[in-house]
Amino acid sequence: MNDQSPHKRRVRYKGTHPRNYHEKYKELNPEKYQDTIEKVIQKGSTPAGMHIPICVKEILDFLQIQPGQTGLDATLGYGGHSQKMLECLQGTGHLYALDIDPIEITKTQKRLESLGYGERLLTVIPVNFANIDQVADKYGPFQFLLADLGVSSMQIDNPIRGFSYKNDGPLDLRLNPAAGIPASQRLKELTTQELEWMLKENSDEPYAKEIARSVTSALRKGRPVETTTQLANLVANALSFLSEKERNDVVKKSCARVFQALRIDVNNEFEALDSFLQKLPSAMASGGKIAILTFHSGEDRLVKKSFKECFRTGIYSEICRDVIRPAAEECARNSRAKSAKMRWAVKK
């Protein structure tokens, strides 16, 4: 009797290169197809199914992690930053890591375990970093901490997650698909004025009024806004008054901002960040170092304001005076690094 599973043929695709996310079987298996992964990265792209950590050198240069220390990665994601921090620990000390994405957290934990970072060195906790006080009460205080506030490439590229206008899929945008409501449902709850305000507040969208009218008008007429493509088309329709020469580029940028604004709202990201920043000092040991990566102005304003206030009141002994950005070489290699800003602080 043959107990072997039947051979499963790989996904076939038209042309010489896969275009659909699910057709990119090599990119979705980075451990097996290293040559393909490197070629994609050399072109300045991020392979589907993985995430390239940003500002690694700048972060490690600041944190100066020493063997035996205890630290926290407040946003585990693909685990690229965690891996580098674990390497610095050289087999002693411990890293705790948080994430609320139930889909990616299991994959990342297995990936890091396969590299030798098991329970002795790494503890992965499925909790929002807004609850850092609960984590610190049990495992802290921490001597170093990193929070990368960007959405991971695996989430953006997977059409099932609905994070990008570039791929057709359900308009979801939840970091934890099992919690809260999807963006498609959230849109139905908003008035034109509320949606306009959200677009301005969460992403500085210059055409917030026109886009809000387009979306809410479609919903009132019973037209579905259930997929990423349907929402992107409404954004394009709202900007049809622009000249043909400028329209294509403006529509792409507005689509990116609209999806960003909705994602922030659906996941209560500003509220979670505000809670995290308030509780952060109490989670750190004296002399503990904090590094935070932001990717848009709203996040950066909150971090900058919190760091300045804690420095003024003597909670932090040092904070960065100027924002740190990725080097031009890194941005050329990874286009998603272009909007990154790093700020740091040291607990008194």
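Residues numbered from 1 in each chain as written. Predicted model: local features only at pLDDT ≥ 70, side-chain atom pairs only at ≥ 80, totals over all residues. Heavy atoms only, no water.

Attention shifts here to the packing of helix α2 (residues 56-63) against helix α3 (residues 80-89). Helix-helix packing: each pair is described by the crossing angle between the helix axes and the interaxial distance. Interaxial distance between α2 and α3 falls to 11 Å at its minimum, and their mutual angle equals 40°. Considering how the two elements wind past one another, α2 and α3 form a crossing that is right-handed. Where α2 approaches α3, its residues V56, I59, L60 and L63 are matched on the opposing element by H81, K84, M85 and C88. When its residues are assigned to classes, the contact of α2 with α3 shows 6 nonpolar, 1 polar and 1 charged. (Axes fitted to C-alpha atoms, helices over the stretch in contact; angles between N-to-C directions. Helix = DSSP H or I, 4+ residues; strand = E, 2+ residues; numbered from the N terminus. Left-handed = near helix turned anticlockwise from the far one by under 90°. Contact = heavy atoms within 4.5 Å. Nonpolar A, V, L, I, M, F, W, Y, C, P; charged D, E, K, R; others polar.)

With that settled, consider helix α9 (residues 208-220). In this model, α9 (13 residues) spans 18 Å end to end at C-alpha, consistent with the 18 Å of a helix rising 1.5 Å per residue. A208, I211, A212, S214, V215, T216, S217 and A218 are the residues of α9 that are buried. (Expected span 1.5 Å × (residues − 1). Buried < 20%, exposed > 50% of the residue type's maximum accessible area, 1.4 Å probe, protein only.)

Here we take up unusual backbone geometry. The peptide bond linking G140 to P141 adopts the cis configuration, its omega dihedral lying at 0°. Within the secondary structure, P141 is located in the loop between α5 (132-139) and β4 (142-148). Phi is positive for Q64, which is not a glycine, with a value near 50°. Relative to the helices and strands, Q64 resides in the loop between α2 and β1 (70-73).

Let us look at the confidence of the model for the protein chain. Low pLDDT means the predicted coordinates in that region are not meant to be read closely. For the protein chain, the mean per-residue pLDDT works out to 88, and 85% of the residues sit at or above 70. Confidence drops under pLDDT 50 across residues 21-27; counting only partners more than four residues distant or on other chains, this segment forms 31 contacts. (pLDDT = per-residue confidence, 0-100.)

The next subject is the pattern of salt bridges. Counting across every chain of the model gives 16 salt bridges. As a salt-bridge pair, D265 and R186 come within 2.6 Å of each other at their nearest N and O atoms. Taken as a pair, D265 in helix α11 (residues 244-266) and R186 in helix α7 (residues 183-189) lie far apart in primary sequence, 79 residues in all. A salt bridge links D300 to K341; its shortest N-O distance comes to 3.9 Å. You can see D300 sitting in helix α13 (residues 297-312) and its partner K341 sitting in strand β7 (residues 341-347), a full 41 residues away along the chain. Here D300 matches K341 in class, with each residue buried. Among the ionic contacts, a cluster of salt bridges with common partners joins R186, E189 and D265. (Salt bridge = Lys/Arg side-chain N within 4 Å of Asp/Glu carboxyl O.)

For the rest of this paragraph, the subject is the state of the cysteines. By the definition in use, this model includes 0 disulfides. In this structure C55 is a free cysteine whose sulfur lies 7.8 Å from that of C331, the closest cysteine sulfur available. Using a relative accessible area of 14% as the deciding quantity, one classes C331 as buried. (Disulfide = S-S within 2.5 Å.)

On to the nonpolar core, then. If you look at the biggest cluster of nonpolar residues, it comprises 32 residues, and the most contacted ones within it are L171, L187, L195 and L231. Contributions of two or more residues to this core are made by α7, α8 (192-203), α9, α10 (228-238) and α11. Here this core gets 8 residues from one element, more than from any other, and that element is α11. Contacts of L171, omitting those with residues within four sequence positions, involve P182, A183, S184, L187, V225, E226, T227, T228, L231 and F259. (Core = buried A, V, L, I, M, F, W, Y, C linked by side-chain atoms within 4.5 Å.)

On a regular strand, each side chain points to the face opposite its neighbour's, so the side chains alternate between the two faces of the sheet. Within strand β2 (residues 94-98), 5 of the 5 residues are buried, which leaves it mostly tucked inside the rest of the structure. Pairing between β1 and β2: 4 bridges, direction parallel. Bridged to G71 within β2 is L95. Following the chain from β1 across α3 to the adjacent parallel β2, one finds a crossover that is right-handed. Both β2 and strand β3 (residues 122-125) contribute to a ladder of 4 bridges, which runs parallel. Across the sheet, residue L95 finds its bridge partner in β3, namely L122. Read as a crossover between parallel neighbours, the route from β2 over helix α4 (residues 102-114) to β3 is right-handed. (Pairing = 2+ DSSP bridges. Right-handed = clockwise from strand over helix to strand, strands pointing away.)

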